[in-house]
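Here are the chains, one letter per residue:
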2 protein chains.
Amino acid sequence: MAPDLRIDLDRLMGRLRALGEIGALPGGGVKRLALSDADKAGRDLVCGWMRDLGLDLTTDCIGNVWGVRRGREDTAPVVIGSHIDTVATGGLYDGNLGVLAGLEIVETLNDAGIETRRPVAVGFFTNEEGARFAPDMMGSGVAQGALDLDDTLATVGIDGQRVGDELRRIGYAGDAPPLALKPDSFLELHVEQGPVLEREGIAIGAVTGVQGISWTEFTVTGVSNHAGTTPMAMRHDAGVVAARIALEARAIADAFGPPQVATVGAFRLEPDLVNVVPQKAVLTVDLRNTDNVRLIEAETRLRSTARKAAAEEGCTVELRSLARFDPVEFDEGLVAAIETAAAELGHGVRRMPSGAGHDAQMFAPNCPTAMVFVPSQDGLSHNINEYTAPEEIRAGVDVLFRVALARAGADILAEQDQ
Amino acid sequence: MAPDLRIDLDRLMGRLRALGEIGALPGGGVKRLALSDADKAGRDLVCGWMRDLGLDLTTDCIGNVWGVRRGREDTAPVVIGSHIDTVATGGLYDGNLGVLAGLEIVETLNDAGIETRRPVAVGFFTNEEGARFAPDMMGSGVAQGALDLDDTLATVGIDGQRVGDELRRIGYAGDAPPLALKPDSFLELHVEQGPVLEREGIAIGAVTGVQGISWTEFTVTGVSNHAGTTPMAMRHDAGVVAARIALEARAIADAFGPPQVATVGAFRLEPDLVNVVPQKAVLTVDLRNTDNVRLIEAETRLRSTARKAAAEEGCTVELRSLARFDPVEFDEGLVAAIETAAAELGHGVRRMPSGAGHDAQMFAPNCPTAMVFVPSQDGLSHNINEYTAPEEIRAGVDVLFRVALARAGADILAEQDQ
């Protein structure tokens, strides 16, 4: 890349800090729940920057905003984007980095006077976090046709307010309909939110897709009995069945190997007394895999073991699906381009799935899509201590820039790389 | 036994029903918490019966009452006893049966004009259940020197009242000091409170002792992490360690075989969310065995596995003993006498430990002691549906009678059995 295409890290960090001051929490961290006053102030700040950079702004009916930098051809834009809403105790980086990196790339292009063949757009998408309104990835979901607009506008949040009303209240109920944003491609830079890159000392994650998620609640019913007077052979202990299910979840993850993960996060007994054999146990199992066939295998094995364990103990077990999302695969060409760009820039890179959901997965069915991950210190996420070092951010933006520019088609690149 | 020594089952059942009307609950069952107004009314009724039968009554400083039927010799009495307090949702039989069976035996002896060599006493002991004041087996514990009198009198109950004050209020703070009751032997008839006799179709349990009890709380501390972004190899899942401890408790019971029992009654995770790896798990393990050496082996194996499981997961585990009682062994001669009596009377009999605590265990260190169990329908205990059929009660009282009479020494027996 040409020397004058080097991003200005201080400028980017300045914007991250400035945005982080809006909704800043007293003890550190940020709270900008979607469509709140703080979100409006954050949106206003980012829109001002977009206008300052000469972008053509569009706001759609669910409050997504994107600004387009024209290209030599009037074609679909390469879209760089993420979100600027946060959870109640969020940090500076989650979402914000992906939006402000886009602005930094635009400003660098502007400063260098470079015209791309395709337009380049920067977008932020409403309520990615889902912390005030469910579901998460709401704006990108509506924009890309995965969620119904009217249903979404009618959604009531944790404070009793409706999405549609709050959009109007903060002045971000736009005119553009769903699917108005038709990208050539979608690129999202994001903090990993996990420990892998830091632990392995690797700068760049080339994200291959988003794990499929399967949440199942198991309710085991046995018979409550006296812990002293009931011989083992006469027990129907719901807790023992639940413990067997919990360890089977771990055994499945061990047997399948990465990227399969399995988590028993919730586990409750009734009556939950030291000297009473549990009559009832409720536990949840969270299974994730990037391969839907493997995920189904994991679900099948778990359910089979649960039924067997219940039968052996003379208990019954009921299953309830709490959530089920198929895996999303990102574009192989773009993933490879991220790997290549990282390598060319001298950064360590590894392919990895995303364990968390992102706006990018809403775009993936409609256009070539990929994500770049940078390390999260201690894997902390949705935490006021979330942190990624400036030089790690630079590496991620450099890779994003290189891939975006190649996709948008900048003559300068081809000339100078020779 | 002589035909005229046959007990009057209707009379006994009538007393059980009459006592059960005091503190009767609207939907069935009984509530006579220790030292409550209902307990006073129950005590008054039973003391009236005792006086009607010509017994010499003594009330001690903890409110235990016993009535002595004189023998030919002025020696220590054969004591038949149990308790008449109940849990908040108790039945007719628990405790009451052991006391009223004693009265029925006395009345049968009176009616037949039989004089025993040793005195026969019938006693009821304060607050066996521990439902209002802790610990349980309070009256027998003080009477037999296992509990300190002053500490016990100062005990505050669930309603803020003190044992000593309540004893005076209901008029049962007597003069007799601890250890005033020095039995020749102690015999207690009780409902099994478990399912064994009913399931096996056996009328009589010859109770060999009371299981030792070991309650341990395990607190496992790991690291809270995102269920999607944290690879399995980087987890420190407190819940997995807890599940391994829970299944080890079951494995110990399976490996040791009866009478070892193991119960995980309480199990809680933090933060207890479906998509968060648990940071903390707290579970309790209730181990019981009649053999203290085996109980210690079970404790040792469980603790060792807990520490190993925690270490393998990169977690820590802290152990806290919640309760620890050594097993109590009843008198071999009396246990054998119960077996023999049952067989002579044509009843099926089996030796078995008691899984629950009883007043008898407080007497066991001081005099030959044993218990007779009769079946509990469906193993129900501390339940308004607690039930033992009249003919099952008759069988138990007949056995108790035969053993007590042999112990007390009645010439009639020796003569008539020849």
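Please read all numbers here as calculations on a predicted model, not as lab measurements. (Residues numbered from 1 in each chain as written. Chains lettered and ligands numbered in written order. Predicted model: local features only at pLDDT ≥ 70, side-chain atom pairs only at ≥ 80, totals over all residues. Heavy atoms only, no water.)

The next thing to look at is the overall build of chain A. Across its full length, chain A holds 13 helices and 16 strands. For chain A, the C-alpha radius of gyration of 24 Å lies close to 22 Å, the compact-globule estimate for 418 residues. Its C-alpha atoms give chain A principal-axis dimensions of roughly 85 × 50 × 40 Å. Within the span of chain A, comprising 418 residues, buried residues form 58% of the whole. Intrachain contacts of chain A at a sequence separation of at least 6 include 79% that bridge at least 24 residues. Accessible surface, chain A as shown: approximately 15300 Å² in total, 49% of it carbon and sulfur. Looking at charge distribution, chain A has the averaged site of its 38 positive side-chain charges lying 3 Å from that of its 61 negative ones. (Helix = DSSP H or I, 4+ residues; strand = E, 2+ residues; numbered from the N terminus. Rg over C-alpha atoms; globule rule 2.2 N^0.38 Å. Buried < 20%, exposed > 50% of the residue type's maximum accessible area, 1.4 Å probe, protein only. Contact = heavy atoms within 4.5 Å. Areas by Shrake-Rupley, 256 points an atom, 1.4 Å probe, with all protein chains shown as cover. Lys, Arg positive; Asp, Glu negative; His and termini not counted. Charge placed at Lys NZ, Arg CZ, Asp CG, Glu CD.)

A word on the relation of the copies chain B and chain A. Superposition record for chain B on chain A: RMSD 0.1 Å, screw rotation 180 degrees, translation along axis 0.1 Å. The superposition of one copy onto the other is thereby described by a two-fold rotation axis. Relative to the rotation axis, the closest C-alpha in chain B is found at Ala243(B), a distance of 2.5 Å. Looking at the interface residues of chain B, 100% of them are also at the interface in chain A, so both copies use one shared face. (Least-squares fit on C-alpha atoms with pLDDT ≥ 70 in both.)

Residue and element names in this part refer to chain A. Helix length check: helix α3 (residues 96–112), at 17 residues, gives a terminal C-alpha distance of 24 Å against a target of 24 Å (1.5 Å per residue), a fit within 8%. Summarising burial for α3: 14 of the 17 residues are buried, a large majority. Backbone geometry just after α3 places Gly113 at a positive phi near 65 degrees. (Expected span 1.5 Å × (residues − 1).)

As a further point, take the packing of aromatic side chains. Centre distance and the angle of the planes are the two values used to describe a pair of aromatic rings. For the structure shown, the criterion picks out nine aromatic pairs over all chains. Each ring, one from Tyr93(A) and one from Tyr387(A), has its centre 6.1 Å from the other, and the planes form 85 degrees; the classification is edge-to-face. Here Tyr93(A) is found in the loop between β3 (78–82) and α3, whereas its partner Tyr387(A) is found in the loop between β16 (369–374) and α12 (390–408), with 294 residues between them in sequence. When the ring of Phe125(B) is compared with that of Phe186(B), the centres are 5.9 Å apart and the planes differ by 55 degrees; the resulting orientation is tilted. Of this pair, Phe125(B) sits in the loop between β4 (120–124) and α4 (138–143) while Phe186(B) sits in strand β5 (residues 185–191), and the two are 61 residues apart along the sequence. Comparing Phe125(B) with Phe186(B) shows no difference in burial state: the two are buried. (Phe/Tyr/Trp six-rings, centres within 6.5 Å; stacked < 30°, edge-to-face > 60°.)

Moving on, we get to the environment of Asp291(A). With respect to the secondary-structure elements, Asp291(A) resides in the loop between β12 (280–289) and α9 (292–313). Taking the C-alpha atoms as reference points, Asp291(A) and Gly209(A), separated by 82 residues in sequence, lie 9.8 Å from one another.

Parts of the model with low pLDDT should not have their predicted coordinates read in detail. In this model, chain A carries an average pLDDT of 95, and 97% of its residues clear a pLDDT of 70 or more. Throughout residues 413–418 of chain A the model reports pLDDT below 50, and contacts reaching past four residues in sequence, or to other chains, amount to nine contacts. (pLDDT = per-residue confidence, 0-100.)

Next up on the list: the UniProt feature "binding site: Zn(2+) 2" (unreviewed entry) in chain A. Residues and elements named next belong to chain A. Under the present numbering, the feature "binding site: Zn(2+) 2" (unreviewed entry) in UniProt falls on Asp94, Glu129 and His382. With the annotated positions falling across 289 residues, the maximum pairwise C-alpha distance of 9.6 Å places them together in a single cluster. Note that Asp94 resides in the loop between β3 and α3. With a relative accessible area of 5%, Asp94 lands in the buried category. Other than its neighbours up to four places away in sequence, Asp94 contacts His83, Asp85, Glu129, His190, Val191, Gln193, Ser381, His382 and Glu386. In terms of polar contacts, Asp94 uses its side chain to reach the side chain of His83, at 3.2 Å. With relative accessibility at 34%, the residue His382 sits in the partly exposed group. Setting aside anything within four residues of it in sequence, one finds His382 in contact with Val87, Thr89, Asp94, Glu129 and Gln193. (UniProt positions renumbered as here; feature names shortened; annotations may be inferred. Polar contact = N/O pair within 3.5 Å; in protein donor to acceptor, adjacent residues only side chain to side chain.)

Let us now look at the UniProt feature "binding site: Zn(2+) 1" (unreviewed entry) in chain A. Residue and element names in this part refer to chain A. Under the UniProt annotation, "binding site: Zn(2+) 1" (unreviewed entry) lies at His83, Asp94 and His190. A maximum C-alpha distance of 10.0 Å among these annotated residues, which run over 108 residues, shows that they cluster at one spot. Mapped onto the elements, His190 comes out in strand β5 (residues 185–191). Look at His190 and you get buried, because its relative accessible area is 1%. Dropping the residues within four chain positions of it, His190 is found in contact with Ser82, His83, Asp94, Gly95, His358, Met371, Val372, Phe373 and Val374. A distance of 3.4 Å separates the side chain of His190 from the backbone nitrogen of Gly95, its partner in a polar contact.

The subject of this paragraph is the packing of helix α1 (residues 9–20) of chain A against helix α2 (residues 37–52) of chain A. All names here are of chain A. Where α1 meets α2, the axes come as close as 10 Å, and the angle between the chain directions of the two elements is 150 degrees. Taken together, the axes of α1 and α2 are roughly antiparallel relative to one another. Contacts between α1 and α2 pair Arg15, Ala18 and Leu19 from the former with Gly42, Leu45, Val46 and Trp49 from the latter. Considered class by class, the residues forming the contact of α1 with α2 number five nonpolar, one polar and one charged. (Axes fitted to C-alpha atoms, helices over the stretch in contact; angles between N-to-C directions. Parallel < 35°, antiparallel > 145°, perpendicular 65-115°, else oblique. Nonpolar A, V, L, I, M, F, W, Y, C, P; charged D, E, K, R; others polar.)

Any two side chains of opposite charge can pair if their charged atoms end up close together. Here the structure, examined in full by the defined rule, presents 64 salt bridges over all chains. A salt bridge links Asp184(A) to Arg118(A); the shortest N-O distance between them is 3.3 Å. Note that Asp184(A) is positioned in the loop between α6 (163–169) and β5 and Arg118(A) in the loop between α3 and β4 (120–124), a separation of 66 residues in sequence. Under the relative-accessibility criterion, Arg118(A) is labelled buried at 18%. Where Glu104(B) meets Arg11(B), a salt bridge forms, and the shortest distance between an N and an O atom there is 2.7 Å. Within this pair, whereas Glu104(B) is found in helix α3 (residues 96–112), its partner Arg11(B) is found in helix α1 (residues 9–20), the two being separated by 93 residues in sequence. Taken together, the salt bridges that share partners define one network made up of Arg11(A), Arg15(A), Glu104(A), Glu107(A) and Asp111(A). (Salt bridge = Lys/Arg side-chain N within 4 Å of Asp/Glu carboxyl O.)

In terms of domain boundaries, chain A breaks down into domain 1 (3–210 + 328–417) and domain 2 (212–325). Distance between the C-alpha centres of domain 1 of chain A and domain 2 of chain A: 38 Å. (Domains from an automatic or database assignment.)

Looking at where Glu166(A) falls in the secondary structure, it is placed in helix α6. When neighbours within four sequence positions are excluded, Glu166(A) is seen to be in contact with Leu35(A), Arg132(A), Phe133(A) and Gln161(A).

Glancing now at α2(A). Residues and elements named next belong to chain A. With 16 residues, α2 extends 23 Å between its outermost C-alpha atoms, agreeing within 8% with the 22 Å of an ideal straight helix rising 1.5 Å per residue. Buried residues of α2: Ala38, Asp39, Gly42, Arg43, Val46, Cys47, Trp49 and Met50, and no others. Down the axis, α2 shows its buried residues gathered within 165 degrees of arc, on one side only. Projecting away from the buried face of α2 at angles above 90 degrees are the exposed residues Asp37, Arg51 and Asp52. At the exit of α2 stands Gly54, carrying a positive phi of roughly 80 degrees. (Arc of directions from axis to C-beta.)

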